[in-house]
Amino acid sequence: MLPHLPDVARYARSLTRDREAADDLVQETYLRAFRGRATYQVASDARRWLFAICRHEFLRTRRRDQRMVGYGGEAELEALASAGLHVAAKRGGYERLFAEPDLAPAIARAMEALPDIHRTIVAMIDIEGLSYGEAAEALDVPVGTVRSRLFRGRRVLQEALVDHARDAGLAPSVQHRPPERPSA
Amino acid sequence: MTPPPIDCLHVVHQMWDYLDNELPAERWEEVRAHLATCTGCREHVEFCRSFLERIRDVPVEELEVAALRERVRGALRAEQFEER
(Lines give C-alpha, C1' and ligand atoms only; values in the text may rest on other atoms or scores of the structure.)
Protein backbone atom coordinates (compact mmCIF):
# COMPACT_ATOMS: atom_id res chain seq x y z
CA MET A 1 0.00 0.00 0.00
CA LEU A 2 2.88 2.42 0.71
CA PRO A 3 3.79 2.80 -2.98
CA HIS A 4 0.49 4.69 -3.32
CA LEU A 5 1.47 7.16 -0.60
CA PRO A 6 2.48 10.02 -2.96
CA ASP A 7 -0.94 9.80 -4.65
CA VAL A 8 -2.77 9.66 -1.32
CA ALA A 9 -0.66 12.60 -0.08
CA ARG A 10 -1.51 14.62 -3.18
CA TYR A 11 -5.20 13.83 -2.74
CA ALA A 12 -5.14 14.66 0.98
CA ARG A 13 -3.36 17.94 0.25
CA SER A 14 -5.96 18.92 -2.31
CA LEU A 15 -8.75 18.10 0.15
CA THR A 16 -7.31 19.94 3.13
CA ARG A 17 -4.96 22.54 1.50
CA ASP A 18 -2.94 22.43 4.70
CA ARG A 19 0.25 20.38 4.85
CA GLU A 20 -0.03 19.44 8.49
CA ALA A 21 -3.70 18.50 8.22
CA ALA A 22 -2.96 16.58 5.01
CA ASP A 23 -0.14 14.61 6.66
CA ASP A 24 -2.43 13.76 9.59
CA LEU A 25 -5.09 12.67 7.11
CA VAL A 26 -2.64 10.42 5.24
CA GLN A 27 -1.51 8.81 8.48
CA GLU A 28 -5.10 8.24 9.58
CA THR A 29 -5.92 6.82 6.14
CA TYR A 30 -3.15 4.23 6.43
CA LEU A 31 -4.05 3.36 10.00
CA ARG A 32 -7.69 2.84 9.03
CA ALA A 33 -6.61 0.81 6.02
CA PHE A 34 -4.44 -1.33 8.29
CA ARG A 35 -7.29 -1.85 10.77
CA GLY A 36 -9.71 -2.65 7.96
CA ARG A 37 -7.31 -4.81 5.96
CA ALA A 38 -9.60 -7.84 6.37
CA THR A 39 -12.20 -6.07 4.21
CA TYR A 40 -9.75 -5.37 1.38
CA GLN A 41 -10.26 -7.55 -1.69
CA VAL A 42 -6.87 -8.57 -3.05
CA ALA A 43 -7.93 -8.18 -6.68
CA SER A 44 -9.36 -4.67 -6.19
CA ASP A 45 -7.67 -1.34 -6.88
CA ALA A 46 -5.62 -0.49 -3.76
CA ARG A 47 -5.18 3.15 -4.77
CA ARG A 48 -8.90 3.63 -5.18
CA TRP A 49 -9.54 1.89 -1.86
CA LEU A 50 -7.09 4.21 -0.07
CA PHE A 51 -8.60 7.28 -1.77
CA ALA A 52 -12.07 6.27 -0.56
CA ILE A 53 -10.80 5.81 3.02
CA CYS A 54 -9.04 9.18 2.80
CA ARG A 55 -12.19 10.91 1.59
CA HIS A 56 -14.40 9.24 4.21
CA GLU A 57 -12.03 10.28 6.96
CA PHE A 58 -11.79 13.85 5.63
CA LEU A 59 -15.58 14.22 5.39
CA ARG A 60 -16.11 12.58 8.78
CA THR A 61 -13.77 15.09 10.41
CA ARG A 62 -15.22 18.02 8.56
CA ARG A 63 -18.84 17.11 9.36
CA ARG A 64 -17.81 17.02 12.95
CA ASP A 65 -16.37 20.52 12.64
CA GLN A 66 -19.00 22.28 10.57
CA ARG A 67 -22.26 21.91 8.76
CA MET A 68 -21.87 22.09 4.99
CA VAL A 69 -23.51 24.98 3.19
CA GLY A 70 -25.19 24.17 -0.11
CA TYR A 71 -26.24 26.22 -3.07
CA GLY A 72 -27.07 25.31 -6.62
CA GLY A 73 -28.38 26.24 -10.01
CA GLU A 74 -25.37 28.10 -11.42
CA ALA A 75 -23.68 25.31 -13.33
CA GLU A 76 -24.54 26.55 -16.81
CA LEU A 77 -23.43 30.10 -16.03
CA GLU A 78 -20.11 28.77 -14.74
CA ALA A 79 -19.64 26.68 -17.89
CA LEU A 80 -20.31 29.81 -19.93
CA ALA A 81 -17.80 31.78 -17.85
CA SER A 82 -15.19 29.09 -18.58
CA ALA A 83 -15.81 29.64 -22.28
CA GLY A 84 -15.26 33.37 -21.73
CA LEU A 85 -11.94 32.58 -20.07
CA HIS A 86 -10.89 30.51 -23.03
CA VAL A 87 -11.63 33.43 -25.34
CA ALA A 88 -9.62 35.76 -23.06
CA ALA A 89 -6.73 33.27 -22.94
CA LYS A 90 -6.77 32.98 -26.71
CA ARG A 91 -6.71 36.75 -27.16
CA GLY A 92 -3.88 37.13 -24.66
CA GLY A 93 -1.85 34.36 -26.27
CA TYR A 94 -2.17 31.94 -23.33
CA GLU A 95 -4.23 29.31 -25.08
CA ARG A 96 -1.59 26.64 -24.59
CA LEU A 97 -0.74 27.61 -21.04
CA PHE A 98 -1.74 24.21 -19.62
CA ALA A 99 1.10 22.65 -21.61
CA GLU A 100 3.57 24.94 -19.82
CA PRO A 101 5.95 22.73 -17.76
CA ASP A 102 6.49 25.33 -15.00
CA LEU A 103 2.82 25.62 -14.15
CA ALA A 104 2.82 23.07 -11.29
CA PRO A 105 3.48 25.51 -8.39
CA ALA A 106 0.81 27.88 -9.70
CA ILE A 107 -1.69 25.00 -9.84
CA ALA A 108 -0.86 24.03 -6.25
CA ARG A 109 -1.29 27.65 -5.11
CA ALA A 110 -4.58 28.04 -6.98
CA MET A 111 -5.91 24.81 -5.44
CA GLU A 112 -4.94 26.00 -1.98
CA ALA A 113 -6.73 29.30 -2.53
CA LEU A 114 -10.03 27.66 -3.53
CA PRO A 115 -12.81 27.86 -0.93
CA ASP A 116 -13.38 24.54 0.89
CA ILE A 117 -16.66 23.61 -0.77
CA HIS A 118 -15.20 23.99 -4.26
CA ARG A 119 -11.81 22.44 -3.56
CA THR A 120 -13.39 19.35 -2.00
CA ILE A 121 -15.52 18.68 -5.07
CA VAL A 122 -12.65 19.36 -7.50
CA ALA A 123 -10.44 16.94 -5.54
CA MET A 124 -13.10 14.23 -5.35
CA ILE A 125 -13.95 14.36 -9.05
CA ASP A 126 -10.76 15.50 -10.77
CA ILE A 127 -8.20 13.73 -8.59
CA GLU A 128 -10.03 10.77 -7.04
CA GLY A 129 -12.10 10.23 -10.20
CA LEU A 130 -15.57 9.98 -8.63
CA SER A 131 -18.66 10.49 -10.80
CA TYR A 132 -21.02 13.39 -10.05
CA GLY A 133 -23.47 10.89 -8.52
CA GLU A 134 -20.83 9.31 -6.28
CA ALA A 135 -19.67 12.74 -5.07
CA ALA A 136 -23.27 13.80 -4.40
CA GLU A 137 -23.85 10.66 -2.35
CA ALA A 138 -20.61 11.09 -0.39
CA LEU A 139 -21.46 14.70 0.46
CA ASP A 140 -25.19 14.12 0.83
CA VAL A 141 -26.07 16.94 -1.59
CA PRO A 142 -27.99 16.95 -4.90
CA VAL A 143 -26.09 16.28 -8.14
CA GLY A 144 -26.97 19.83 -9.25
CA THR A 145 -25.05 21.20 -6.29
CA VAL A 146 -22.05 19.05 -7.19
CA ARG A 147 -22.14 20.38 -10.76
CA SER A 148 -22.35 24.03 -9.76
CA ARG A 149 -19.60 23.72 -7.14
CA LEU A 150 -17.38 21.73 -9.49
CA PHE A 151 -17.83 24.06 -12.45
CA ARG A 152 -17.23 27.11 -10.28
CA GLY A 153 -14.13 25.54 -8.76
CA ARG A 154 -12.75 24.74 -12.19
CA ARG A 155 -13.57 28.20 -13.49
CA VAL A 156 -11.84 29.88 -10.55
CA LEU A 157 -8.80 27.65 -11.06
CA GLN A 158 -8.68 28.45 -14.78
CA GLU A 159 -9.02 32.15 -14.00
CA ALA A 160 -6.14 31.99 -11.51
CA LEU A 161 -3.93 30.17 -14.01
CA VAL A 162 -4.72 32.56 -16.85
CA ASP A 163 -3.92 35.46 -14.48
CA HIS A 164 -0.68 33.70 -13.52
CA ALA A 165 0.26 33.24 -17.18
CA ARG A 166 -0.34 36.94 -17.83
CA ASP A 167 1.51 38.14 -14.71
CA ALA A 168 4.44 35.78 -15.29
CA GLY A 169 4.68 36.80 -18.93
CA LEU A 170 4.31 33.21 -20.09
CA ALA A 171 2.69 34.17 -23.37
CA PRO A 172 5.78 34.29 -25.56
CA SER A 173 6.78 30.75 -24.58
CA VAL A 174 3.33 29.21 -24.82
CA GLN A 175 1.98 31.00 -27.85
CA HIS A 176 2.74 29.90 -31.37
CA ARG A 177 5.27 27.36 -30.17
CA PRO A 178 6.90 26.16 -33.40
CA PRO A 179 6.43 22.50 -34.27
CA GLU A 180 9.46 20.32 -33.66
CA ARG A 181 11.47 19.76 -36.79
CA PRO A 182 11.87 16.14 -37.80
CA SER A 183 15.41 14.97 -37.41
CA ALA A 184 17.29 14.41 -40.61
CA MET B 1 -37.46 12.14 -37.37
CA THR B 2 -33.89 13.37 -36.83
CA PRO B 3 -33.61 15.87 -33.94
CA PRO B 4 -32.22 19.30 -34.86
CA PRO B 5 -28.46 19.63 -34.30
CA ILE B 6 -27.44 21.32 -31.07
CA ASP B 7 -25.88 24.79 -31.21
CA CYS B 8 -22.65 26.19 -29.72
CA LEU B 9 -24.38 27.53 -26.59
CA HIS B 10 -25.73 24.08 -25.74
CA VAL B 11 -22.29 22.58 -26.28
CA VAL B 12 -20.65 25.15 -24.00
CA HIS B 13 -23.28 24.52 -21.31
CA GLN B 14 -22.64 20.78 -21.46
CA MET B 15 -18.92 20.87 -22.07
CA TRP B 16 -17.84 19.74 -18.57
CA ASP B 17 -20.52 17.03 -18.49
CA TYR B 18 -19.20 15.89 -21.88
CA LEU B 19 -15.57 15.77 -20.72
CA ASP B 20 -16.58 13.99 -17.51
CA ASN B 21 -18.64 11.39 -19.40
CA GLU B 22 -21.71 12.46 -17.47
CA LEU B 23 -24.04 12.93 -20.44
CA PRO B 24 -26.57 10.33 -21.59
CA ALA B 25 -25.16 8.43 -24.61
CA GLU B 26 -27.45 10.13 -27.13
CA ARG B 27 -26.61 13.64 -25.90
CA TRP B 28 -22.91 12.82 -25.70
CA GLU B 29 -23.02 11.74 -29.35
CA GLU B 30 -24.78 15.01 -30.33
CA VAL B 31 -22.02 17.03 -28.68
CA ARG B 32 -19.35 14.88 -30.34
CA ALA B 33 -21.00 15.39 -33.73
CA HIS B 34 -21.10 19.15 -33.16
CA LEU B 35 -17.42 19.19 -32.20
CA ALA B 36 -16.53 17.36 -35.40
CA THR B 37 -17.79 20.32 -37.42
CA CYS B 38 -17.22 23.35 -35.15
CA THR B 39 -13.62 24.55 -34.76
CA GLY B 40 -14.44 27.13 -32.05
CA CYS B 41 -16.16 24.62 -29.75
CA ARG B 42 -13.51 22.01 -30.45
CA GLU B 43 -10.76 24.44 -29.41
CA HIS B 44 -12.70 25.29 -26.26
CA VAL B 45 -13.13 21.63 -25.33
CA GLU B 46 -9.43 20.97 -25.95
CA PHE B 47 -8.51 23.96 -23.76
CA CYS B 48 -10.63 22.55 -20.94
CA ARG B 49 -9.44 18.98 -21.50
CA SER B 50 -5.80 20.07 -21.20
CA PHE B 51 -6.73 21.98 -18.03
CA LEU B 52 -8.27 18.83 -16.49
CA GLU B 53 -5.27 16.69 -17.44
CA ARG B 54 -2.99 19.22 -15.78
CA ILE B 55 -4.81 19.62 -12.47
CA ARG B 56 -4.94 15.82 -12.00
CA ASP B 57 -1.22 16.08 -11.29
CA VAL B 58 -1.13 18.57 -8.44
CA PRO B 59 2.48 18.20 -7.26
CA VAL B 60 3.71 17.12 -3.84
CA GLU B 61 7.42 17.54 -3.20
CA GLU B 62 9.34 14.25 -3.15
CA LEU B 63 11.19 15.22 0.04
CA GLU B 64 7.92 15.84 1.83
CA VAL B 65 6.65 12.47 0.65
CA ALA B 66 9.76 10.69 1.96
CA ALA B 67 9.29 12.23 5.43
CA LEU B 68 5.60 11.40 5.41
CA ARG B 69 6.31 7.82 4.33
CA GLU B 70 8.58 7.37 7.36
CA ARG B 71 5.96 8.86 9.65
CA VAL B 72 3.25 6.51 8.33
CA ARG B 73 5.61 3.52 8.62
CA GLY B 74 6.23 4.43 12.26
CA ALA B 75 2.50 4.75 12.99
CA LEU B 76 1.81 1.39 11.34
CA ARG B 77 4.62 -0.27 13.31
CA ALA B 78 3.15 1.14 16.55
CA GLU B 79 -0.29 -0.14 15.54
CA GLN B 80 1.11 -3.62 14.84
CA PHE B 81 2.92 -3.59 18.18
CA GLU B 82 -0.31 -2.71 20.01
CA GLU B 83 -2.12 -5.56 18.31
CA ARG B 84 0.32 -8.14 19.70
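Residues numbered from 1 in each chain as written. Chains lettered and ligands numbered in written order. Predicted model: local features only at pLDDT ≥ 70, side-chain atom pairs only at ≥ 80, totals over all residues.

Enquirer: Please provide a residue-by-residue account of unusual backbone geometry, values included.
Expert: Backbone geometry at Asp140 of chain A places phi at a positive 60 degrees, although glycine is not the residue there. Inspection of the secondary structure puts Asp140 of chain A in the loop between helix 7 (132–139) and helix 8 (143–167). Given 11 C-beta atoms within a 10 Å radius, Asp140 of chain A is considered exposed. One non-glycine residue with positive phi stands out, namely Asn21 of chain B, at about 55 degrees. The residue Asn21 of chain B is located in the loop between helix 2 (15–19) and helix 3 (25–37) in this model. (Helix = DSSP H or I, 4+ residues; strand = E, 2+ residues; numbered from the N terminus. Buried ≥ 20, exposed ≤ 12 C-beta atoms within 10 Å, placed from the backbone.)

Enquirer: A description of the nonpolar core should follow, citing residues and the corresponding values.
Expert: Residue and element names in this part refer to chain A. In this structure, Val8, Ala12, Val26, Cys54, Leu97 and Leu161 are the most contacted members of the largest nonpolar core, which totals 63 residues. With 8 residues, helix 8 is the largest single contributor of residues to this core. Two domains each put at least three residues into this core: domain 1 (2–65) and domain 2 (75–174). (Core = buried A, V, L, I, M, F, W, Y, C linked by C-beta atoms within 7 Å. Domains from an automatic or database assignment.)

Enquirer: How would you explain the confidence of the model for chain A if you had to name every residue and give the values?
Expert: Residues and elements named next belong to chain A. Taken over all residues, the pLDDT of chain A has a mean of 80, while the share at 70 or more is 86%. Taking the mean pLDDT of every element in chain A, the minimum, 49, falls on helix 9 (residues 171–174) and the maximum, 93, on helix 7. A low-confidence stretch, residues 67–73 (pLDDT under 50), is modelled with 13 contacts involving residues beyond four sequence positions or located in other chains. Low confidence marks residues 172–179, where pLDDT is under 50. Its contacts with residues over four positions away, or in another chain, come to 9 contacts. (pLDDT = per-residue confidence, 0-100. Contact = placed C-beta atoms within 7 Å.)

Enquirer: Which residues make up the domain arrangement of chain A, and what values do they have?
Expert: Residue and element names in this part refer to chain A. By domain assignment, chain A separates into domain 1 (2–65) and domain 2 (75–174). Distance between the C-alpha centres of domain 1 and domain 2: 23 Å. Contact residues are listed per partner, giving 8 residues for domain 1 and 9 residues for domain 2. Within the residue set of the side of domain 1 that touches domain 2, elements represented by two or more residues are helix 1 (5–16) and helix 3 (46–65). In terms of residue count, the dominant contributor to the side of domain 1 that touches domain 2 is helix 1 (4 residues). For the side of domain 1 that touches domain 2, the residue count by class is 4 nonpolar, 1 polar and 3 charged. (Nonpolar A, V, L, I, M, F, W, Y, C, P; charged D, E, K, R; others polar.)

Enquirer: Requested: an account of the interface of chain A and chain B, with residues and values cited.
Expert: Taken together, the 36 residues of chain A in the interface contact 25 residues of chain B. Mapped by element, the contributors of at least two residues to the side of chain A that touches chain B are helix 1, helix 2 (19–35), helix 4 (75–92), helix 5 (104–113), helix 6 (116–127) and helix 8 of chain A. If you tally residues by element for the side of chain A that touches chain B, the top one is helix 4 of chain A, at 7 residues. Here the residues of the side of chain A that touches chain B sort into 23 nonpolar, 6 polar and 7 charged.

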